[in-house]
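Listed here are the chains, written in short residue letters.
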Amino acid sequence: MVATRRAVRGRIAWVYAAAVLGGCASGGTEREWGMRAPAAASVIEVETPLLAARMAALSRRSPTWRAGLDSVRASGFRVVVTEPARARRVSGLEDYRPRYIGEVIPLRNAAGEVTGAVVVVDVVRLRKLTEAAGLSAAVMAGDVDRILIHEVYGHVVPLSQSRRLSGGCPDPRPGQPPESSCAIRRENRIRAELGLERRTSYDIRGLAVGRSLERARNGDLGDGRDER
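These numbers were taken from a predicted model, which means no experiment stands behind them.

Chemist: Can you tell me about the packing of aromatic side chains, naming the residues and giving the values?
Modeler: Enumeration over the complete set of coordinates arrives at zero aromatic pairs. The ring centre of Tyr153 lies 4.0 Å from the NZ or CZ of Arg186, which sits over that ring.

Chemist: Give me the pattern of salt bridges: which residues, what numbers.
Modeler: On inspection of all chains with the given rule, the structure shows 14 salt bridges. The closest approach of N and O atoms between Arg205 and Asp203, which form a salt bridge, is 2.5 Å. Each member of the salt-bridge network shares a partner with another, and the members are Asp143, Arg146, Glu187, Arg191, Glu197, Arg199 and Arg211.

Chemist: Please set out unusual backbone geometry residue by residue, giving values where relevant.
Modeler: Most peptide bonds take the trans form, and the phi angle of most residues other than glycine is negative. At Arg163, a residue that is not glycine, the phi angle is positive and equals roughly 60 degrees. With respect to the secondary-structure elements, Arg163 resides in the loop between helix H5 (137-162) and helix H6 (182-194). A relative accessible area of 28% places Arg163 in the partly exposed class.

Chemist: Explain the nonpolar core to me, using residue names and the numbers behind them.
Modeler: Grouped burial of nonpolar side chains is what soluble globular proteins tend to show. Counting 39 residues, the largest nonpolar core has Trp65, Phe77, Val119, Leu126 and Leu148 as its most contacted members. Where this core is concerned, the elements lending two or more residues are helix H1 (49-61), helix H2 (63-75), strand S4 (78-82), strand S6 (114-121), helix H4 (123-132), H5, H6 and helix H7 (208-217). With 11 residues, H5 is the largest single contributor of residues to this core. With residues near it in sequence (within four places) discarded, Val119 still touches Val79, Val80, Val81, Thr82, Glu103, Val104, Glu151, Val152 and Val156. By size, the runner-up hydrophobic cluster in this structure holds seven residues, among which are Ala87, Tyr96, Ile105 and Val118.

Chemist: Describe H5, listing the residues and the values that go with them.
Modeler: With 26 residues, H5 ought to run about 38 Å at 1.5 Å a step, and its terminal C-alpha atoms sit 36 Å apart, in line with that. Of all bends in H5, the biggest is about 30 degrees, found at Val156, and the proline Pro158 comes one to four residues later. Summarising burial for H5: 23 of the 26 residues are buried, a large majority. Of the residues flanking the end of H5, it is Arg163, one or two places downstream, whose phi is positive at about 60 degrees.

Chemist: An account of the state of the cysteines is requested, with residue identities and associated values reported.
Modeler: Evaluated as defined, the whole model comprises one disulfide. Across the disulfide, Cys169 is cross-linked to Cys182 (sulfur-sulfur distance 1.7 Å). Because the torsion about its S-S bond is -105 degrees, the bridge between Cys169 and Cys182 counts as left-handed. Here Cys182 lies in helix H6 and Cys169 lies in the loop between H5 and H6, a separation of 13 residues in the sequence.

Chemist: Outline the confidence of the model for the protein, supporting the account with residue identities and numerical values.
Modeler: This prediction gives the protein a mean pLDDT of 80; 76% of its residues lie at or above 70. Scored below 50 in pLDDT, residues 4-41 shows 131 contacts in the model against residues more than four places distant or in partner chains.

Chemist: Please give an account of the environment of Gln176 that cites residues and values.
Modeler: By the element assignment, Gln176 lies in the loop between H5 and H6. The spacing of Gln176 and Tyr202 is 26 residues in sequence and 9.7 Å in space, taken between C-alpha atoms. Reaching out from Gln176, the side chain makes a polar contact with the backbone nitrogen of Arg173 at a distance of 2.7 Å.

Chemist: I'd like to hear about the packing of H5 against H6, residue by residue, with values.
Modeler: Put simply, H5 and H6 touch, their axes get as near as 8 Å, and they point 130 degrees apart. As summarised for this structure, H5 and H6 are arranged oblique, according to the angle between their axes. The handedness of the crossing between H5 and H6 comes out as right-handed. Residues Arg146, Ile149, His150, Tyr153, Gly154, His155, Val157 and Pro158 of H5 touch H6, and the partners they reach there are Ala183, Ile184, Arg186, Glu187, Arg189, Ile190, Arg191 and Leu194.

Chemist: Give me H4: which residues, what numbers.
Modeler: Listed as buried for H4 are Val123, Leu126, Leu129 and Thr130. The buried side chains of H4 occupy one side of the element, clustering within an arc of 125 degrees when seen end-on. Residues Lys128, Glu131 and Ala132 are exposed on H4 and point more than 90 degrees away from its buried face. Summarising the contacts, the buried residues of H4 are in contact with H1, S6, H5 and H7.

Reading the values: the criteria
Residues numbered from 1 in each chain as written. Predicted model: local features only at pLDDT ≥ 70, side-chain atom pairs only at ≥ 80, totals over all residues. Heavy atoms only, no water. Phe/Tyr/Trp six-rings, centres within 6.5 Å; stacked < 30°, edge-to-face > 60°. Lys NZ or Arg CZ within 6 Å of the ring centre and 35° of its normal. Salt bridge = Lys/Arg side-chain N within 4 Å of Asp/Glu carboxyl O. Helix = DSSP H or I, 4+ residues; strand = E, 2+ residues; numbered from the N terminus. Buried < 20%, exposed > 50% of the residue type's maximum accessible area, 1.4 Å probe, protein only. Core = buried A, V, L, I, M, F, W, Y, C linked by side-chain atoms within 4.5 Å. Contact = heavy atoms within 4.5 Å. Expected span 1.5 Å × (residues − 1). Bend = angle between axes of the 7 residues up to and from the residue. Disulfide = S-S within 2.5 Å. pLDDT = per-residue confidence, 0-100. Polar contact = N/O pair within 3.5 Å; in protein donor to acceptor, adjacent residues only side chain to side chain. Axes fitted to C-alpha atoms, helices over the stretch in contact; angles between N-to-C directions. Parallel < 35°, antiparallel > 145°, perpendicular 65-115°, else oblique. Left-handed = near helix turned anticlockwise from the far one by under 90°. Arc of directions from axis to C-beta.

Listed below in structure tokens is the structure:
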């Protein structure tokens, strides 16, 4: 199978550098990634304990999230949820380097059809940012949830139904209001169920650590108690 990593609709662009808090990076060179064929047609693989724990927590707390994952399993769409170091162990991804804290790499079969997706969460970068901001492990866990909600429910679930990048539920285009995006509207549906704040920006301020970094940049250090 082949995974295509490119700047396309449905691409997630969580910016991790504090220097670009005002907007999210996009673009990049199209690149082809080789992937091994899955052992089973309908699989959701979660490759690290932290990501598995957060996926399970979301399933316990959100009926809409559970229904979304059930639809993915029923569709025969393969999903791998992992971190960058493990992603590089996959054949064809040896030189993969993440550009964002979270991103989706669509999987294609030999005929070029979209048959799955790899969701990569850069937990190491997120942890460094969380520690630099003086926030707790619980806050970081909440941000992992936010990333998974956007990547999996915002992008992968609709992609599993359409099997086309153009039909995969896009992020906002440059200059568009964030909530004009299908992916962000879907994300906010889950956030509402979990009692999280509504996402209104398409950059790192969608994460608790991003809001904390912005306050620090503006001279308002706070104490992190309003984040979760």
